[in-house]
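Here are the chains, one letter per residue:
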Amino acid sequence: MHTAYLSLGSNIGDSKDNLQGAVRLLDAGSSIEVTKVSSIYETDPVGFTDQQVFLNIAIEVKTTLAAEELLDEAQKIEQSLGRERKVHWGPRTIDLDILLYNTDNVKSDRLSVPHPHMHERSFVLVPLNEIAPDAVHPLTGSKISELLTRTGSEGVRLWKQTVQQCKEKFFAL
Ligand SMILES: Nc1ncnc2c1ncn2[C@@H]1O[C@H](COP(=O)(O)OP(=O)(O)OP(=O)(O)O)[C@@H](O)[C@H]1O
Ligand SMILES: Nc1nc2c(c(=O)[nH]1)N=C(CO)CN2
């Protein structure tokens, strides 16, 4: 069994519904179990800034899938929730990024893990720190809590708290 952390973001449509839909779909099959869900954060757009604020969460999953198979599942869910790729770093119905996969380094045409931008993105680190402060970023050797101390949490605000980072509470929101 492998442990992975994913970042989910949405800034088109009903973003809370999109996040919930993606978590439900991930958890629905037998090969992925969602074991932790962070609170939902409202975050200022990073990169292409002339767009709506995002809602972002981080989740922990336990999975029997290899990293690339997990990416396949994530991309299927992006497609089924109607994501269209237009602007780089632009608006999206739902975006699922694999942040960490065990403590592996994965580098292929389709997949880079740890996610190349995770250590510099407050919208990733604030939610991730809530569920996995002691997880280690294998390239820097730093814990998530240490990376967050470096980036700070500007532009990231609690939107809705999920009590004890519990999946069932998240679905009930
Ligand atoms: N760790 C990863 N998680 C998800 N996708 C990844 C990862 N590493 C590489 N990719 C590749 O990135 C490609 C582009 O992804 P996407 O369009 O979501 O980028 P983006 O969300 O605009 O930017 P960013 O990758 O900086 O979040 C995907 O098709 C996927 O193959
Ligand atoms: N706040 C915020 N900004 C972003 C996000 C995101 O999820 N949240 N995703 C991006 C592309 O992956 C680019 N910019």
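Just so you know, these numbers come straight off a predicted model, no measurement behind them.

Basis of the calculations
Residues numbered from 1 in each chain as written. Chains lettered and ligands numbered in written order. Predicted model: local features only at pLDDT ≥ 70, side-chain atom pairs only at ≥ 80, totals over all residues. Heavy atoms only, no water. Near = heavy atom within 4 Å. Polar contact = N/O pair within 3.5 Å; in protein donor to acceptor, adjacent residues only side chain to side chain. Areas by Shrake-Rupley, 256 points an atom, 1.4 Å probe, with all protein chains shown as cover. Nonpolar A, V, L, I, M, F, W, Y, C, P; charged D, E, K, R; others polar. Salt bridge = Lys/Arg side-chain N within 4 Å of Asp/Glu carboxyl O. Helix = DSSP H or I, 4+ residues; strand = E, 2+ residues; numbered from the N terminus. Buried < 20%, exposed > 50% of the residue type's maximum accessible area, 1.4 Å probe, protein only. Phe/Tyr/Trp six-rings, centres within 6.5 Å; stacked < 30°, edge-to-face > 60°. Lys NZ or Arg CZ within 6 Å of the ring centre and 35° of its normal.

> Could you clarify how one ought to interpret the site of ligand 2 in this entry?
The environment of ligand 2 is formed by 11 residues, the closest being T43, D44, V46, N56 and D95. In the environment of ligand 2, a nitrogen atom lies 2.8 Å from a nitrogen or oxygen atom belonging to the backbone of D44. Here N56 contributes a side-chain N or O atom positioned 2.9 Å from an oxygen atom of ligand 2. Coverage of ligand 2 by the protein amounts to 96% of the 330 Å² it exposes when considered alone. When its residues are assigned to classes, the shell around ligand 2 shows 5 nonpolar, 2 polar and 4 charged.

> Even after reading the chapter, I still don't get the pattern of salt bridges, so can you show me in this structure?
Overall, the coordinates contain 9 salt bridges when judged by the stated rule. Between E68 and R110 there is a salt bridge whose closest N-O contact spans 3.3 Å. Within this pair, whereas E68 is found in helix α2 (residues 67-80), its partner R110 is found in the loop between β6 (106-107) and β7 (112-113), the two being separated by 42 residues in sequence. What makes R110 partly exposed here is its relative accessible area of 40%. Residues participating in the shared-partner salt-bridge network are E42, D44 and R157.

> Any chance you could explain the packing of aromatic side chains here in plain terms?
Two numbers describe a pair of aromatic rings. These are the distance of the centres and the angle of the planes. Counted by the stated rule, this structure contains 1 aromatic pair. Ring geometry for F170 and F171: centres 5.8 Å apart, planes at 50 degrees, overall tilted. Classification of F170 by relative accessible area gives buried; the value is 0%. Note that K160 overlies the ring of W159, its terminal NZ or CZ placed 5.5 Å from the centroid.

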